[in-house]
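Report on the structure
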Amino acid sequence: MRAKASSLHHSDATTGTAARTFSIGGQQLAAPKAAPGLHLVATPIGNLADVTLRALETLAGVDVIACEDTRITRRLTERYAITAELALYHEHNAAQARPKILERLAQGASIALVSDAGTPLISDPGFKLVRDVCAAGHAVIAVPGPSSVLSALSVAALPTDRFFFEGFLPAKEHARRARLTELARIDATLVMFESGNRVQDTLRDLAAIMAGRDAAICRELTKLHEEVKRAPVAELAADAEALETRGEFVLVIGPPADDAGMMGQDALDDLLRAQLGRGSVKDAVAHAVELSGRPRREVYARALELAKTIGDGDGED
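The notes below deal with the structure included here. (Residues numbered from 1 in each chain as written. Predicted model: local features only at pLDDT ≥ 70, side-chain atom pairs only at ≥ 80, totals over all residues. Heavy atoms only, no water.)

Check the secondary structure of the protein chain and you find eleven helices and twelve strands. Judged by the C-alpha coordinates and their principal axes, the protein chain covers about 75 × 45 × 30 Å. Looking at the 317 residues of the protein chain, the share that counts as buried comes to 46%. In the protein chain, 74% of the contacts between residues at least 6 apart in sequence involve partners at least 24 apart. Computing the positive centroid from 36 side-chain charges and the negative centroid from 43, the protein chain places the two 4 Å apart. (Helix = DSSP H or I, 4+ residues; strand = E, 2+ residues; numbered from the N terminus. Buried < 20%, exposed > 50% of the residue type's maximum accessible area, 1.4 Å probe, protein only. Contact = heavy atoms within 4.5 Å. Lys, Arg positive; Asp, Glu negative; His and termini not counted. Charge placed at Lys NZ, Arg CZ, Asp CG, Glu CD.)

Structural data, given as structure tokens:
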């Protein structure tokens, strides 16, 4: 059975007559009509068996499933014989699709929002839609389930009492190193996504800025080739060239040690260069002093030296 692809525009949200059912292990189960509103449904991050019963019931019971890529979501709906209509909602069509979703919700429709994998809105489109749906007075219902962030935290063998989710780091080296320098000051375990074609460079940057910390590289979580490597950041970076780069990565970095000292010179220079490229010496110094723990006089002197090399000699006005 194949889920239909459709437009979100519909003149009457209540005319659907298809049977609301799903199938598990060959047994067909009935699903009640989902309550009107926007249902945020978490879907598997790899292993399709990780879907929850409530998620299946919801997906079978809504009028339409809004998804990033119908080809990916169809794998799930076909696996469980769900026939609900699929419609595209992604970062490139969101501005056009949101009004259509709001129109259907105003007609009493039930709509599920899913991402390609995991929990909607976590490094995926959806925030503006949820905001607008709430502003319009419609219900927003969470249907929790798989999350690569929480899965990586649970297997990393690192502290989980406090964590900071960064998402994807900047692609360019200077911006990435500057951001990592800022993240290094956060007293919590760090969780970040990275693509296979940049993970080796990111590991080397991490070694330069957070060398003394323990970390975990989580690749292809819940999938056939799942792999978790746990070691100090410096060791993981040293072995980066041998790393299998195919697949999706979550990097988990342990918190700074209680006795962590001042920021290293290379990290300070990276931070200052990034800040000088965006503003004045005065602002760059203020930001760097706060993050680095170094004396202001020392940071100011170094900022003036670096400003000359990038053509910014305005000084501190």
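Put simply, helix H6 (residues 173-183) and helix H9 (residues 265-276) touch, their axes get as near as 8 Å, and they point 115° apart. Crossing geometry of H6 relative to H9 is assigned as left-handed. In this structure, H6 uses Arg177, Ala178, Thr181 and Glu182 to contact H9, whose residues at the interface are Ala267, Asp270, Leu271, Ala274 and Gln275. Of the residues contributing to the contact of H6 with H9, the split by class is four nonpolar, two polar and three charged. (Axes fitted to C-alpha atoms, helices over the stretch in contact; angles between N-to-C directions. Left-handed = near helix turned anticlockwise from the far one by under 90°. Nonpolar A, V, L, I, M, F, W, Y, C, P; charged D, E, K, R; others polar.)

Further remarks concern H9. Between its terminal C-alpha atoms H9 stretches 16 Å, which fits the 16 Å expected from twelve residues at 1.5 Å a residue. The buried fraction of H9 is high, at nine of twelve residues. Along H9, the residues classified as buried are Ala267, Leu268, Asp269, Asp270, Leu271, Leu272, Ala274, Gln275 and Leu276. (Expected span 1.5 Å × (residues − 1).)

The next subject is the pattern of salt bridges. With the rule as written, the count across this model stands at 22 salt bridges. A salt bridge links Arg176 to Asp205; the nearest nitrogen and oxygen atoms lie 2.7 Å apart. Placement of Arg176 in helix H6 and of Asp205 in helix H7 (residues 199-210) is noted, with a sequence separation of 29 residues between them. The partner of Lys223 in a salt bridge is Glu220, and the shortest N-O contact between them spans 3.5 Å. Of the residues examined, Lys223 reaches a relative accessible area of 28% and is grouped as partly exposed. With a relative accessible area of 15%, Glu220 lands in the buried category. Ionic contacts of the salt-bridge type, sharing partners, join the residues Arg176, Arg177, Asp205, Asp270 and Arg273 into one network. (Salt bridge = Lys/Arg side-chain N within 4 Å of Asp/Glu carboxyl O.)

Enumeration over the complete set of coordinates arrives at two aromatic pairs. Here Phe165 and Phe193 contribute two aromatic rings whose centre-to-centre distance is 5.1 Å and whose plane-to-plane angle is 65°, an arrangement assigned as edge-to-face. One end of the pair, Phe165, is in strand E8 (residues 163-168); the other, Phe193, is in strand E9 (residues 189-194), with 28 residues separating them in the sequence. Phe165 gets classed as partly exposed once you look at its relative accessible area, which sits at 26%. (Phe/Tyr/Trp six-rings, centres within 6.5 Å; stacked < 30°, edge-to-face > 60°.)

In an α-helix, one turn spans 3.6 residues, which is why side chains three or four residues apart end up on the same side. Listed as buried for helix H2 (residues 70-79) are Thr70, Thr73, Arg74, Leu76 and Thr77. Buried residues along H2 cover an arc of 160° about the axis, so they all sit on one side. Turned more than 90 degrees away from the buried face of H2 sit Arg71 and Arg75, all of them exposed. Contact partners of the buried residues in H2: helix H1 (53-61), strand E4 (64-67) and strand E5 (85-88). (Arc of directions from axis to C-beta.)

Looking now at the pairing of E4. On E4, burial covers both faces: Val64 and Ala66 on one face and Ile65 and Cys67 on the other are all buried. Alignment of E4 against E5, held across four bridges, turns out to be parallel. Pairing of Val64 across the sheet is with Glu85, part of E5. In this fold, E4 hands off to H2, which returns the chain to E5; that crossover is right-handed. (Pairing = 2+ DSSP bridges. Right-handed = clockwise from strand over helix to strand, strands pointing away.)

Turning our attention to the nonpolar core. Most often, soluble globular proteins keep nonpolar side chains buried together rather than apart. Ranked by size, the top nonpolar core spans 38 residues in total, and within it Leu180, Met192, Leu203, Leu206, Met210, Ile253 and Leu272 carry the most contacts. For this core, the leading source of residues is H7, giving six residues. For Ile253, the residues in contact, after removing those within four places along its chain, are Leu158, Ala188, Thr189, Leu190, Met192, Leu206, Met210, Arg213, Asp214, Ala215 and Val233. Counting residues in hydrophobic clusters, the runner-up holds 20 residues, among them Ala34, Val51, Cys67 and Leu86. (Core = buried A, V, L, I, M, F, W, Y, C linked by side-chain atoms within 4.5 Å.)

Time to look at the side chain of Arg177. The topology assignment puts Arg177 in helix H6. The class of Arg177 is buried, set by a relative accessible area of 13%. Contact partners of Arg177, with chain neighbours within four places excluded, come to Asp205, Ala208, Ile209 and Asp270.

Geometric descriptors of this kind do not, in isolation, establish any biological role.
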